[in-house]
Amino acid sequence: MKRIFILFITSALLSSCVENTQRSEAQEDFTVVIHTSYEPNGLHPVNDFSSLRSHIYMYTHRPLLKVDLGTFELQPLLVTELPQSEDGQRYLYTLRDDVTWANGEILTREDMEFTLKMNLSPLSNNQAIRPLYSSVIQGYEAHPDNPNQFYLLCNEQHAGNNQILIEANLIQKSAWDSTGLFDSIPLERIIADEFERTDAINDYFERFNDASNQYEPEKLEGLGPYRITEWERGQYITLERKDDWWGDDENGMYFDNNPSKIVFRIIKDDNATLLAFRNGDIDVSNRLGTDELLRLRENEDFNANFESDFVDQFAYSYMGLNCRPTAKERTPYFTDKLVRRAVAHATPVRAIMEDLLHNQGGAEQITMVSALKKDEFNDTLDFIEYDLDKAAALLSEAGWADSDGDGILDRDIDGASTPFSFELNYMSGNQTTEATCLMIKESLGKVGIDCNLNGMDFSAFYQKAYQQDFDALMGAWSESAGYTDPLQLWHTSSWSSMGANFCGFGNDYSDSLITTYNATMNKPDRDALIKELQAEVYDFQPYVFLYSTRRKVAIHKRFENRETYNERPGVLVNSFRLDPNFTPTAPLAEADTAE
């Protein structure tokens with residue numbers, strides 16, 4: 001027994017030494033450079049919402065709780081445990097007492113209340129997100145005895161009530177409202193839009209929504225282990241590890257802070273990205289195109305230096321058709337669902353996947369729920385086959401014909417002969433997207449539809465989308481493996497409020513499905529409802545679903561802990577450590593990576 005005890009002590013000491021050594025190596029100064037193919041339109045803590053902003057915020061900001069990317073289970077971050085509720089509407093949260101802001105102030109429930117007020121105020125420029133919160137949150141109530149506790153009051157039983165705050169990153173009340181302007185305005189009155197628009201309030205929101213709060217690093221401080229220190233527009237965004245961060249003593253995907261610096265390198269052009277890999281300027285990319293990764297994989301040095309993979313994810317690409325083009329009085333090309341179905345039959349989805357994605361970069365996407373969600377996916381819906389004859393017949397049935405023999409269909413709209421010549425908006429800079437648009441244009445031309453391609457930058461593209469100022473657009477959405485509220489994308493309220501239901505899908509029945517789905521706590525019953533909603537979307541055809549995108553990931557082998565996830569962003573670099581056993585090879589040969 002004594003011998004065993006001595007061995008145990010020795011083993012424990014050795015283990016301790018190894019851990020200390022690893023921690024020491026991990027804390028060395030090293031930088032991870034992440035490639036991004038676009039620049040966020042802003043990093044405002046309330047008003048911006050791009051996927052890149054969410055990725056950056058995983059390092060710089062913290063909500064109360066978040067979904068674990070590996071297990072898909074909720075994980076408490078700023079609270080001591082997951083929210084508790086006896087009735088499914090009143091949830092008790094308990095804040096940790098050791099969370100501090102950069103200036104040393106303790107996180108308080110007043111910070112949380114202020115965060116809720118800004119996210120739910122009709123004067124914040126977050127029209128896309130606010131309906132999601134206001135559909136669930138009814139109010140806030142401080143616990144009468146415990147200063148670290150508060151109740152979140154919800155409108156009704158809702159399947160997503162306990163997850164509603166997973167993207168609500170905390171903002172510091174004293175930094176944003178040092179005079180206590182909102183102290184006397186209850187959250188309930190803000191939600192109901194029943195507070196007085198005083199000059200002080202209007203002036204405040206003019207400052208709050210100002211563009212400087214989207215870009216200036218000193219205004220983007222959060223509770224995460226890193227802070228944004230520099231944003232060189234069009235070039236890079238730099239994050240640096242904080243000294244004496246409140247979570248330094250904890251480990252895990254949301255607490256690790258091993259690299260001293262994380263740099264998001266903005267490279268929009270595909271060839272420039274390959275050149276950056278060749279020059280050793282990039283360590284990680286989760287935004288490569290299929291062709292880019294396949295070309296890189298032809299290089300032996302790349303394979304020796306990088307681990308790469310095609311990773312299934314909860315995301316899909318689509319062509320959205322403006323079904324209710326009334327906001328900007330656009331031509332009603334797609335108000336008839338016969339026309340929308342015709343366009344679906346004339347879109348060469350499988351050819352796009354074969355020619356542009358080489359059958360590796362994506363999988364068939366039939367409706368808005370990922371086939372990875374086997375319980376929720378409606379497998380009775382058939383893939384819409386490419387069939388130009390059927391497309392032509394549907395267009396004829398809808399009243400479109402080439403009456404003047406110019407090769408382009410036309411029909412009478414409001415007393416005027418109108419050619420079927422519509423504009424397809426897309427975000428420029430991605431070769432796969434541009435090639436996809438060209439294939440769609442060519443194919444639609446075969447049935448007499450003139451498709452005019454309109455490349456735009458990120459900001460202009462989404463401005464047009466939210467203003468419903470488009471005929472059609474090329475888009476992509478990411479969802480989660482966990483609970484996903486369909487309200488934001490598919491409820492008519494999200495169209496009438498200029499939210500993310502850009503195309504105007506929906507009717508009373510589909511709205512009722514969404515409402516019932518959100519109120520149903522039994523998962524099998526909820527699965528049946530979401531399948532019915534998929535059938536409605538399928539029949540209405542606001543989108544031509546293209547494919548479920550596979551994330552193309554490359555990670556330099558000089559790092560340990562190279563985990564990838566189906567959930568976005570697919571990679572978290574804060575857990576990386578330098579691999580002491582890695583031996584680098586020569587830089588990638590120019591002949592193999594240059595166009």
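All of these numbers come straight from a predicted model, not from anything done at the bench. (Residues numbered from 1 in each chain as written. Predicted model: local features only at pLDDT ≥ 70, side-chain atom pairs only at ≥ 80, totals over all residues. Heavy atoms only, no water.)

### Re helix H19 (residues 508-519)
We apply this condition: Numbering goes from the N terminus for both helices and strands, where a helix is a DSSP run of H or I of at least four residues and a strand is a run of E of at least two. Multiplying one less than the number of residues by 1.5 Å gives the expected span of a helix. Burial classification: accessible surface area is computed with a 1.4 Å probe over protein chains only, and a residue below 20% of its type maximum counts as buried, one above 50% as exposed, and the rest as partly exposed. Regarding the arc, it is the one traced by the directions from the helix axis to the C-beta atoms. It only takes one pair of heavy atoms within 4.5 Å for two residues to be counted as in contact. N or O atoms closer than or at 3.5 Å make up a polar contact, with two conditions inside protein: a donor-capable atom paired with an acceptor-capable one, and, for residues adjacent in sequence, both atoms drawn from side chains.
Relative to the 16 Å expected for 12 residues at 1.5 Å per residue, H19 spans 16 Å between its end C-alpha atoms, a close match to the ideal helical length. For H19, the full list of buried residues reads Ser510, Asp511, Leu513, Ile514, Tyr517 and Asn518. The arc enclosing the buried residues of H19, seen along the axis, measures out at 155 degrees, which places them on a common side. Residues of H19 that are buried make contact with helix H17 (487-490) and helix H20 (523-540). For H19, the capping residue at the N-terminal end is Asn507, with a side-chain oxygen 3.0 Å from the backbone nitrogen of Tyr509.

### Let's talk about the packing of helix H12 (residues 337-345) against helix H14 (residues 388-397)
Threshold: What counts as an axis is a line fitted to C-alpha atoms, over the stretch in contact for a helix, and the angles between N-to-C directions run from 0 to 180 degrees. Note on terminology: angles under 35 degrees are roughly parallel, angles over 145 are roughly antiparallel, angles of 65 to 115 are roughly perpendicular, and the others are oblique. Whether a crossing is left-handed or right-handed is set by the direction in which the near helix is turned from the far one by less than a right angle, anticlockwise for left-handed and clockwise for right-handed. The residue classification treats Ala, Val, Leu, Ile, Met, Phe, Trp, Tyr, Cys and Pro as nonpolar and Asp, Glu, Lys and Arg as charged. All others, Gly included, are polar.
Between H12 and H14, whose axes approach to 8 Å, the crossing angle comes to 165 degrees. Classified by the interaxial angle, the pair formed by H12 and H14 is roughly antiparallel. Where H12 crosses over H14, the handedness of that crossing is left-handed. On H14, the residues that touch Leu338, Val339, Arg341, Ala342 and His345 of H12 are Leu388, Lys390, Ala391, Leu394, Leu395 and Glu397. A class-by-class count of the residues in the contact of H12 with H14 yields 7 nonpolar, 1 polar and 3 charged.

### Quick look at the packing of helix H9 (residues 270-278) against helix H10 (residues 290-297)
Packing of H9 against H10 leaves a shortest axis separation of 10 Å and a crossing angle of 35 degrees. Between H9 and H10 lies a crossing whose hand is right-handed. Between H9 and H10, the contacting residues are Asp270, Asn271, Thr273, Leu274 and Phe277 on the first element and Glu292, Arg295 and Leu296 on the second. Taken together, the residues that form the contact of H9 with H10 break down as 3 nonpolar, 2 polar and 3 charged.

### Overview of the state of the cysteines
Let me state the cut-off plainly: The disulfide criterion used throughout: a pair of cysteine sulfur atoms within 2.5 Å.
Applying the stated rule across the entire model yields 0 disulfides. Cys451 provides the cysteine sulfur closest to Cys437, a residue in no disulfide bond, and the two sulfurs are 7.2 Å apart. Of all cysteine sulfurs, the one in Cys323 lies closest to Cys503, which takes part in no disulfide; the gap is 5.7 Å.

### Description of the sheet that holds strand E4 (residues 84-85)
Applied cut-off: Each pair of strands is called paired provided DSSP finds at least two bridges between the two strands.
Pairing is antiparallel in the open sheet, where 4 strands are placed in the order E4-E5-E7-E6. In this open sheet, the two edge strands, each paired with only one partner strand, are E4 and strand E6 (137-142). Summarising the sheet, E4 and strand E5 (residues 90-94) pair through 2 bridges and their orientation is antiparallel. Across the sheet, Ser85 pairs through a bridge with Tyr91, a residue of E5.

### Structural notes on the pattern of salt bridges
Note the threshold: In what follows, salt bridge is the name for a side-chain nitrogen of Lys or Arg lying within 4 Å of a carboxyl oxygen of Asp or Glu.
Per the counting criterion, the structure on display carries 28 salt bridges. As a salt-bridge pair, Glu110 and Arg109 come within 3.9 Å of each other at their nearest N and O atoms. Its salt-bridge partner being Glu423, residue Arg330 comes within 3.5 Å of it at the nearest N-O pair. Here Arg330 is found in the loop between strand E12 (306-321) and H12, whereas its partner Glu423 is found in strand E16 (residues 421-427), with 93 residues between them in sequence.

### Quick look at the pairing of strand E8 (residues 226-232)
Looking along a regular strand, one sees the side chains alternate between the two faces of the sheet. As paired elements, E8 and strand E9 (residues 236-241) share 6 bridges and run antiparallel to each other. In the sheet register, Glu232 faces E9, and the bridge partner there is Tyr236. The turn linking E8 back onto E9 is made up of 3 residues, and Gly234 within it adopts a positive phi angle of 80 degrees.

### Focus: a negative patch on the surface
Going by this rule: For patches, a residue must show more than 30% relative accessible area and have no salt bridge; joins then use 9 Å for like charges and 5 Å for nonpolar side chains, namely Val, Leu, Ile, Met, Phe, Trp and Tyr. Accessibility throughout is a Shrake-Rupley quantity obtained with a 1.4 Å probe, and a residue counts as covered only by protein chains that appear here. The positive count covers Lys and Arg only, the negative count covers Asp and Glu only, and His and the chain ends enter neither. Positions of charges follow a simple convention, taking NZ of Lys, CZ of Arg, CG of Asp or CD of Glu.
The grouping of Asp199, Asp203, Glu206 and Asp210 at the surface amounts to a negative patch. The topology assignment puts Asp210 in the loop between helix H7 (199-208) and helix H8 (212-215). Taking relative accessible area as the criterion, Asp210 reaches 37% and is therefore assigned partly exposed.

### Digging into unusual backbone geometry
Only a minority of non-glycine residues have a phi that is not negative, and only a minority of peptide bonds are not trans. Following Arg568, the chain continues to Pro569 via a peptide bond in cis, the omega torsion being 5 degrees. Among the secondary structure elements, Pro569 is positioned in the loop between strand E20 (559-560) and strand E21 (577-578). Although it is not a glycine, Met498 adopts a positive phi angle of roughly 60 degrees. Mapped onto the secondary structure, Met498 falls in the loop between helix H18 (493-496) and H19. The partly exposed category is assigned to Met498, whose relative accessible area is 32%.

### As for the packing of aromatic side chains
Definition in use: The criterion for an aromatic pair is that two Phe, Tyr or Trp rings (for Trp, the six-membered ring) have centres within 6.5 Å, with stacked assigned to planes under 30 degrees apart, edge-to-face to planes over 60 apart and tilted to the rest. Note on geometry: a ring has a charge over it if NZ (lysine) or CZ (arginine) is within 6 Å of the ring centre and within 35 degrees of the ring normal.
Evaluation of the coordinates by the stated rule reveals 45 aromatic pairs. Aromatic side chains Phe49 and Tyr466 sit 5.8 Å apart centroid to centroid with 80 degrees between the ring planes, which places their arrangement in the edge-to-face category. Here Tyr466 lies in helix H16 (residues 458-466) and Phe49 lies in the loop between strand E1 (31-36) and helix H2 (51-60), a separation of 417 residues in the sequence. The class for Phe49 is partly exposed, based on a relative accessible area of 32%. Positioned above the aromatic ring of Tyr57 is the side chain of Arg53, whose terminal nitrogen or guanidinium carbon lies 4.0 Å from the ring centre. Sitting over the face of the ring of Trp400, Arg411 holds its NZ or CZ atom 5.8 Å from the ring centroid.

### Observations regarding the nonpolar core
For the record, the criterion: What makes a nonpolar core is a set of buried Ala, Val, Leu, Ile, Met, Phe, Trp, Tyr and Cys residues whose side-chain atoms join them at distances within 4.5 Å.
Counting residues in each nonpolar core, the largest one holds 101 residues, and the members touching the most others are Leu64, Ile137, Leu165, Trp490 and Phe502. In contact with Leu64, other than residues within four places in its own chain, are Pro76, Leu77, Leu78, Val79, Tyr93, Leu95, Met112, Phe150, Leu165 and Leu170. Among the nonpolar cores identified, the runner-up in size contains 42 residues, and Ile352, Cys437, Val447 and Tyr538 belong to it.

### Brief notes about the environment of Thr238
If you trace the backbone, Thr238 turns up in strand E9. Sequence separation between Thr238 and Ala371 is 133 residues; the distance between their C-alpha atoms is 36 Å.

### A word on H16
Inspection of H16 places Phe458, Phe461, Tyr462, Ala465 and Tyr466 among the buried residues, and these make up the whole buried set. Down the axis of H16, the smallest arc covering the buried residues is 120 degrees, so these residues share one side. Where H16 is buried, its residues meet E16, strand E17 (450-456) and strand E18 (472-478). Gln468 sits one or two residues past H16 and shows a positive phi near 60 degrees.

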